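Listed here are the chains, written in short residue letters.
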Amino acid sequence: TRVRELHTVAPRTVKLVPRGAVHDFTDIATELAASEFHGEFGGARPWPALGWGRAAPSRSRRSLRLGSFDSVTKSVRVHPVLDSADAPRWFVRYVMFHELLHAVLDAPHDGRARRRHHGPDFRAREQAFADTARALDWQREQIRALIRCARAGKPFELAARPARKSRLRSALSWVQTTLFD
């Protein structure tokens, strides 16, 4: 009986802070609503509640959820590790686009079939977004640093890369050592 009662209870109101130290979701969502969603958000509030997630240190060593959409509270949260000058605005914009796309395309669950969060319509629109490939490449390159910073409870910092010898320089060095030593 308690489960049936949950359907009649109104979802709690969520208060989120959209402005971070570096990135402001209100500006980003306004841009996205105009350029990508073309009137798909309507009503009293043009888009879901937007804000940063909790800034607690993460325990995960292998994965990191950078954003989430809650269909019950109609809210989008982005991991606070991205509120950093080292996290490019275009990447944060991509994460926000992905979560707002859930807000537009995720149909209420009817209980009959398994819920598909990333169905064909979702994937097609995500691929059509201009920064998708660049964002996924950047995420792949930076995921270890993102996880490291999240575990420490700190904003993302680009790791200084040690200077790498080019293959040509390494080959020349080997030839010199072989021939002249």
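Here, the structure is the one placed above.
Below is a summary of the structure that appears in this document. Since the structure is predicted, the reported quantities are computational estimates derived from the model, not experimental observations.

## Remarks on the overall build of the chain
- Secondary structure assignment for the chain yields six helices and three strands.
- Written out in order from the N terminus, the α and β elements of the chain read α-α-β-β-β-α-α-α-α.
- Taken over 181 residues, the chain has a buried fraction of 34%.
- Taking the contacts inside the chain whose residues are at least 6 apart along the sequence as the reference set, 72% of them involve residues at least 24 apart.
- If you sum the accessible surface of the chain, you get close to 12700 Å²; carbon and sulfur atoms cover 53% of it.

## Some remarks on the sheet that holds strand 3 (residues 75-78)
- Pairing within the open sheet is mixed, and its three strands lie in the order 1-3-2. What marks the edges here is a single partner per strand, and that holds for strand 1 (49-52) and strand 2 (67-70). Across this sheet, the average inter-strand angle for adjacent strands is 15°, counted without regard to direction.
- By the bridge criterion, four bridges tie strand 2 to strand 3 in an arrangement that is antiparallel. The residue bridging S68 from the neighbouring strand is R77, located in strand 3.
- Along the sheet, helix 3 (residues 89-105) makes contact with strand 1, strand 2 and strand 3, crossing strand 2 at roughly 20°.

## Remarks on the packing of aromatic side chains
- All told, the structure shown has ten aromatic pairs when counted by the stated rule.
- Pairing F91 with W138 gives two aromatic rings, centres 4.5 Å apart and planes at 45°, and the pair type is tilted. Of this pair, F91 sits in helix 3 while W138 is found in helix 5 (residues 132-152), placing the two residues 47 residues apart along the sequence. Here F91 and W138 have matching classes, each one buried.

## Quick word on helix 3
- Counted at 1.5 Å a residue, the expected span for helix 3 with its 17 residues is 24 Å, and the 24 Å between its end C-alpha atoms agrees.
- Of all 17 residues in helix 3, twelve are buried; the element is thus mostly enclosed.
- The complete set of buried residues in helix 3 reads F91, V92, R93, Y94, V95, M96, F97, H98, E99, L100, L101 and H102.
- Those residues of helix 3 hidden inside the fold are in contact with helix 2 (25-37), strand 1, strand 2, strand 3, helix 4 (120-128) and helix 5.

## Some points on the pattern of salt bridges
- Applying the stated criterion to the full structure yields seven salt bridges.
- Across the pair E126 and R123 runs a salt bridge whose closest N-O atoms are separated by 2.9 Å. Pair noted here: E126 and R123 are both in helix 4, with a separation of three residues, about one helical turn.
- Classification of E126 by relative accessible area gives buried; the value is 2%.
- Using a relative accessible area of 39% as the deciding quantity, one classes R123 as partly exposed.
- Note that R140 and D137 form a salt bridge whose closest N and O atoms lie 2.8 Å from each other.

## A word on the side chain of T132
- The topology assignment puts T132 in helix 5.
- For T132, a relative accessible area of 1% gives the class buried.
- In this structure T132 touches Y94, E126 and Q127, once residues within four positions along its chain are discounted.

Basis of the calculations
- Residues numbered from 1 in each chain as written.
- Predicted model: local features only at pLDDT ≥ 70, side-chain atom pairs only at ≥ 80, totals over all residues.
- Heavy atoms only, no water.
- Helix = DSSP H or I, 4+ residues; strand = E, 2+ residues; numbered from the N terminus.
- Buried < 20%, exposed > 50% of the residue type's maximum accessible area, 1.4 Å probe, protein only.
- Contact = heavy atoms within 4.5 Å.
- Areas by Shrake-Rupley, 256 points an atom, 1.4 Å probe, with all protein chains shown as cover.
- Pairing = 2+ DSSP bridges.
- Axes fitted to C-alpha atoms, helices over the stretch in contact; angles between N-to-C directions.
- Phe/Tyr/Trp six-rings, centres within 6.5 Å; stacked < 30°, edge-to-face > 60°.
- Expected span 1.5 Å × (residues − 1).
- Salt bridge = Lys/Arg side-chain N within 4 Å of Asp/Glu carboxyl O.

In short, the description is geometric, and any link to function would need to be established separately.
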